[in-house]
Amino acid sequence: MPPQKHAWCGPSSIGRVLACPPSARFSAQFPDTESDYAQEGTEAHELCEYLVRKAMGEKVRNPKKKFKFWSEEMQQNAENYADFVMEQYETAKQSCNDPVLMVEQRVDVSEYIPECFGTADCILIADGTMTIIDYKNGAGVLVDVTDNPQLKTYALGALEQFDFLYDIQNVRLVIFQPRRDNVSKWELPKSELLKWAEETLKPIAQLAYEGQGEYAAGEHCRFCKAKAVCRKRAEHNLMLAQYDFAPPAELNNEEIAIIISMAENLKNWVSDIKDYALKQIMEGSPVPGYKVVEGRSNRCYSDEAEVAAAVSDAGYDPFEQKLLGITAMTKMLGKKKFEEILGKLVYKPPGAPTLAPETDDRPALASAADDFK
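My aim in this report is to walk through the structure given alongside it, one point at a time. (Residues numbered from 1 in each chain as written. Predicted model: local features only at pLDDT ≥ 70, side-chain atom pairs only at ≥ 80, totals over all residues. Heavy atoms only, no water.)

The next thing to look at is helix H8 (residues 253-282). Its 30 residues give H8 an end-to-end C-alpha distance of 44 Å, which sits within 8% of 44 Å, the value for a rise of 1.5 Å per residue. Where H8 bends most, at Ala 263, the angle is about 30 degrees. Contacts from the buried residues of H8 go to helix H7 (231-237). The backbone nitrogen of Glu 254 has a side-chain oxygen 3.1 Å away, supplied by the residue at the start of H8, namely Asn 252. Directly beyond the C-terminal end of H8, a positive phi value near 100 degrees is found at Gly 284. (Helix = DSSP H or I, 4+ residues; strand = E, 2+ residues; numbered from the N terminus. Expected span 1.5 Å × (residues − 1). Bend = angle between axes of the 7 residues up to and from the residue. Contact = heavy atoms within 4.5 Å. Polar contact = N/O pair within 3.5 Å; in protein donor to acceptor, adjacent residues only side chain to side chain.)

Here is the structure:
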């Protein structure tokens, strides 16, 4: 197959490809589209890179002015990430004379995945341990660091590039996901990583490269470009029909567990189908029984400054006073001053009980029966 300008499969999609090898070639026929969420994530990564490089003493230009989605939250999260990275670097200095810190480092993984390359957010090498730190801007899906294929792939590329220079024996993977309060770490020996690469990654990646293998549906479908038209995903989600909308009391707990695990995928699938149908009709391909209409909207001010002036002239105050939020207040006062003045006045209330899979890192709450005991 001829070389391509862009990687046909990058580290960010390797988890999906491992689960569903033919999806790599199947999804390639659909155009790349960048959502607002993706653009916001790109900007957040640029801000993170800028702040880390600045902390390292490099002369860099703040990219914030060109951003479309900059916010106080993005700034605070990026600053927390930069602080975390520099903390890891300073800690490494205490036991290593010359730790190496690399930001937005391009890595080549073609040894294991044909024509594959990617960019690691942060690589830190010190005292025989290589750390891969990955910033996740998403607030929806909690990213699990344990056995994470994307980070392991970055690590393989980094080993190819730097292993001959440093005596790397262990690999540490770190996810920094501030909008989910998720800073998690997982470590494995280099030998175990290389074994996974040879026995699992390499053969499946070759299948995917050739467009071979078995289709499989699951959580990995979320970011697949072919998700709206994939028949395997449709078959998987329509399995819920076997329960024939039975009342919950008539289902056993095992059946309920199956339904809950599939419900979120089903909801996302229906949403994807609707988005695809909308796009089809807008592009001139009719969908029987449906049409595109103008959605509801809310009234807006055409000129906020003019509105404020008009209301003020009429003798009214057009503005409301509101206490600054914690992020904005921290920005105004600075972290140290904030702790001095408001440290005792800030608390984090307990969250409402929420259903979560057993793989979630949060501890389970005691049940009513446990409390009674």
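Here the focus is the packing of aromatic side chains. On inspection of all chains with the given rule, the structure shows 5 aromatic pairs. Ring geometry for Tyr 81 against Tyr 135: centres 5.3 Å apart, planes inclined by 75 degrees, an arrangement best described as edge-to-face. Taken together, the positions of Tyr 81 in helix H4 (residues 72-95) and Tyr 135 in strand S3 (residues 129-135) put the pair 54 residues apart, joining distant regions of the chain. As far as the burial class goes, Tyr 81 and Tyr 135 line up, both buried. When the ring of Tyr 135 is compared with that of Phe 176, the centres are 6.2 Å apart and the planes differ by 25 degrees; the resulting orientation is stacked. Of this pair, Tyr 135 sits in strand S3 while Phe 176 sits in strand S4 (residues 170-177), placing them 41 residues apart in sequence. By the ring-pair criterion, three or more aromatic residues cluster together here, those being Tyr 81, Phe 84, Tyr 135 and Phe 176. Sitting above the plane of the Trp 70 ring, Lys 64 keeps its charged end 4.5 Å from the centroid. Lying over the aromatic face of Phe 117, Arg 106 brings its terminal NZ or CZ to 4.1 Å of the ring centre. (Phe/Tyr/Trp six-rings, centres within 6.5 Å; stacked < 30°, edge-to-face > 60°. Buried < 20%, exposed > 50% of the residue type's maximum accessible area, 1.4 Å probe, protein only. Lys NZ or Arg CZ within 6 Å of the ring centre and 35° of its normal.)

What follows covers the packing of H4 against helix H10 (residues 326-333). Taken N-terminus to C-terminus, the directions of H4 and H10 make an angle of 65 degrees; their axes are 9 Å apart at the nearest point. By the angle between their directions, the pair H4 and H10 is classed as roughly perpendicular. For H4 against H10, the interelement crossing comes out left-handed. Contact residues: Glu 72, Glu 73, Gln 75, Gln 76 and Glu 79 in H4; Thr 327, Thr 330 and Lys 331 in H10. Tallied by class, the residues present in the contact of H4 with H10 amount to no nonpolar, 4 polar and 4 charged. (Axes fitted to C-alpha atoms, helices over the stretch in contact; angles between N-to-C directions. Parallel < 35°, antiparallel > 145°, perpendicular 65-115°, else oblique. Left-handed = near helix turned anticlockwise from the far one by under 90°. Nonpolar A, V, L, I, M, F, W, Y, C, P; charged D, E, K, R; others polar.)

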